[in-house]
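Working through the structure, step by step
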Amino acid sequence: MFTAYDYEFMSRAIRLAKKGMATTRPNPRVGCVITQDNCIVGEGWHKKAGEAHAEINALLQAGEQAKGATVYVTLEPCSHTGKTPPCADRLIEAGVARVVAAMQDPHDKVAGQGFKKLEDAGIEVDVGLLEQQAREFNPGFIKRMEQDLPLVRVKMAMSLDGRTAMASGESKWITSEAARNDVQQWRACSCAMLTGIGTVLADDPSLTVRISQLNQNQPLRVILDGELQITPQARLFNQPGDVLVFTQLKNAKKIAELENQGIHVKCVGNTEQGLNLEQVLQHLASLEINEVMVEAGSQLAGSFIAAGLVDQLIVYMAPVLMGNQAKGLFNLPFINKMSDKIQLNIEDIRQIGEDIRIIATLS
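Before going into details, it helps to say that this report is about the structure given with it. One numbering rule holds for all chains: residues counted from 1, following each sequence as written. Given that the model is predicted, a residue must reach a pLDDT of at least 70 before its local features are reported, and side-chain atom pairs must reach 80 or more before they are shown or counted; all residues, however, enter totals for whole chains, interfaces and linings. Side-chain numbers here rest on the full set of heavy atoms in the structure, without hydrogens or water.

1. Re the state of the cysteines
The rule for a disulfide is simple: a pair of cysteine sulfur atoms within 2.5 Å. On inspection of all chains with the given rule, the structure shows 0 disulfides. With no disulfide of its own, Cys39 lies 16 Å from the sulfur of Cys32, the closest cysteine sulfur. With no disulfide partner, Cys189 has as its closest neighbouring cysteine sulfur the one in Cys191, 9.7 Å distant. Accessibility here uses a 1.4 Å probe with only protein chains present; expressed as a share of the type maximum, an area under 20% marks a residue as buried, one over 50% as exposed, and anything in between as partly exposed. A relative accessible area of 16% places Cys189 in the buried class.

Shown next as structure tokens:
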């Protein structure tokens with residue numbers, strides 16, 4: 001069904017889509033290539049939400065050469081009017097002859113309607129080329145569309161003996177500068193950074209992206225604070241970008257005091273382990289948050305694992321030993337025997353500077 005040229009040009013479209021990894025949220029990352037006689041005449045990618053989609057950028061470059069052309073796009077062209085007009089309509093107007101898409105858009109406002117519109121206009125449509133590769137760089141968007149939940153990554157740093165901080169709480173720095181720079185790349189691809197009030201009180205973090213070309217597009221910073229211990233003096237409130245605090249404390253006076261100082265507060269339910277994490281994630285999904293990066297202590301990280309809400313673990317392991325008095329990686333008190341163990345699937349292991357980065361999913 002697909003030719004070698006089809007594979008070549010879709011691979012190019014996928015590489016283009018990845019250029020928007022840190023800038024398109026909450027939209028999906030999409031790339032597009034337009035060809036005539038197996039030669040590229042136009043290409044583009046979606047650069048930022050509210051700006052032109054990948055197909056439009058490619059059509060602008062192709063100009064009149066789009067007529068009778070083949071279009072390779074990593075996601076079904078949209079068929080509805082959002083912040084921009086429907087891409088399917090623009091492709092029809094340009095007179096393209098064939099559209100090859102990696103996958104159908106899971107958004108309920110598209111979901112095959114873009115393909116139907118193209119086919120009704122007499123355009124040949126082929127779907128499914130390199131679909132798995134296309135899904136891999138939009139996992140959060142796809143999960144939000146299919147499950148009404150964002151993708152959750154938990155990032156941890158540990159010593160070779162599995163420790164994250166000294167008994168005193170001292171933890172700077174376990175890993176090398178190279179590993180910390182790698183973390184910034186993951187932050188930049190996230191729609192939200194999430195931590196607990198314990199980390200805020202102990203470390204007073206900024207939770208920002210510190211990559212110079214991306215620091216104007218800060219993720220939402222999310223704090224879980226059951227008893228509303230947070231104060232406006234916390235460093236994260238003096239950084240660019242928004243902060244959202246989740247609590248179970250229905251103290252209208254205190255909430256009003258915080259909101260009067262520009263701090264957004266959302267009440268959710270409670271469980272025996274603390275705040276209802278699923279409700280937290282459901283609310284974040286309603287805010288169009290695709291990917292959440294959890295950077296927290298062993299208690300909160302363990303709670304996400306125990307609740308079955310973790311999609312991916314990113315663990316940086318430093319070649320140091322911190323001793324048995326230091327704090328462990330995850331607090332998982334329900335594991336008492338070997339049959340309780342949690343099996344992981346290792347997706348990637350590589351050296352980052354002098355450290356090892358392990359990426360794993362939960363079975």
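On we go from here.
2. Let's talk about the nonpolar core
Among the nonpolar cores identified, the biggest contains 42 residues, and Met10, Ile34 and Val99 are the most heavily contacted of them. Counting only elements with at least two residues in this core, the list comes to helix H1 (4–17), strand E1 (31–36), helix H2 (54–62), strand E3 (70–73), helix H3 (87–94), strand E4 (98–101) and helix H4 (113–120). Ranked by residue count, the leading element in this core is H1, at 6 residues. Between two residues, a contact is recorded if the distance between any of their heavy atoms is within 4.5 Å. With near-sequence residues (within four places) excluded, Ile34 lies in contact with Cys39, Ile40, Val41, Gly42, Ala58, Leu59, Ala62, Ala69, Thr70 and Val71. Joining through side-chain atoms within 4.5 Å is the link that ties buried Ala, Val, Leu, Ile, Met, Phe, Trp, Tyr and Cys residues into a set, and such a set is a nonpolar core. Counting 34 residues, the second largest nonpolar core, distinct from the first, contains Met156, Val294, Val310 and Leu332. The helix count covers DSSP runs of H or I at least four residues long, the strand count covers runs of E at least two residues long, and both are numbered beginning at the N terminus.

3. A few points about the environment of Asn217
Assignment of secondary structure puts Asn217 in the loop between helix H8 (197–203) and strand E9 (220–224). C-alpha of Asn217 to C-alpha of Val183: the two residues are 34 residues apart in sequence and 16 Å apart in space. The residues contacting Asn217, other than those within four sequence positions of it, are Ala22, Thr23 and Arg25.

4. Observations regarding the sheet that holds strand E14 (residues 291–294)
In a beta sheet, neighbouring strands are held together by backbone hydrogen bonds and run either parallel or antiparallel to one another. Only strands that DSSP links by at least two bridges are regarded as paired with each other. Spatially, the 9 strands line up as an open sheet ordered E11-E10-E9-E8-E14-E6-E15-E18-E17, and their pairing is mixed. Strand pairing shows two members of the sheet lacking a second neighbour, strand E11 (264–267) and strand E17 (344–352), which therefore form its edges. Strand-to-strand, the axes of this sheet are offset by a mean angle of 25°, without reference to chain direction. In this sheet, strand E10 (residues 243–247) lies alongside E9 in parallel orientation, the contact comprising 4 bridges. When the bridges of E10 are listed, Ile223 appears paired with Val245. Sitting on the sheet, helix H6 (residues 139–147) touches strand E6 (151–159) and E14, and the angle it makes with E6 is about 135°. This element, helix H7 (residues 177–188), spans E6, strand E8 (192–196), E14, strand E15 (312–318), E17 and strand E18 (355–362) of the sheet and lies at about 165° to E15. Here an angle of 0 to 180 degrees is reported between the N-to-C directions of two axes, which are lines fitted to C-alpha atoms, with helices fitted over the stretch in contact.

5. A closer look at the sheet that holds E4
Strand order in the open sheet formed by 5 strands is E2-E1-E3-E4-E5, with mixed pairing between adjacent strands. Across the chains shown, the open sheet's two edge strands, defined by having one partner strand only, are strand E2 (39–45) and strand E5 (124–127). Neighbour to neighbour, the strand axes of the sheet diverge by 15° on average, direction disregarded. Of the pairings in the sheet, the one linking E3 to E4 comprises 4 bridges and is parallel in character. Paired with Thr70 across the two strands is Arg98, which belongs to E4. H1 rests against E1, E2, E3 and E4 of the sheet, and its axis sits at about 145° to E1.

6. Describing the side chain of Asp225
Turning to its location among the elements, Asp225 is positioned in the loop between E9 and E10. The side chain of Asp225 sits in the buried core without any salt bridge; Lys254 is the nearest counter-charge, 6.9 Å away. Neither His nor the chain ends contribute to the count of charged residues, in which Lys and Arg are positive and Asp and Glu negative. The salt bridge criterion pairs a side-chain nitrogen of Lys or Arg with a carboxyl oxygen of Asp or Glu, the two atoms within 4 Å.

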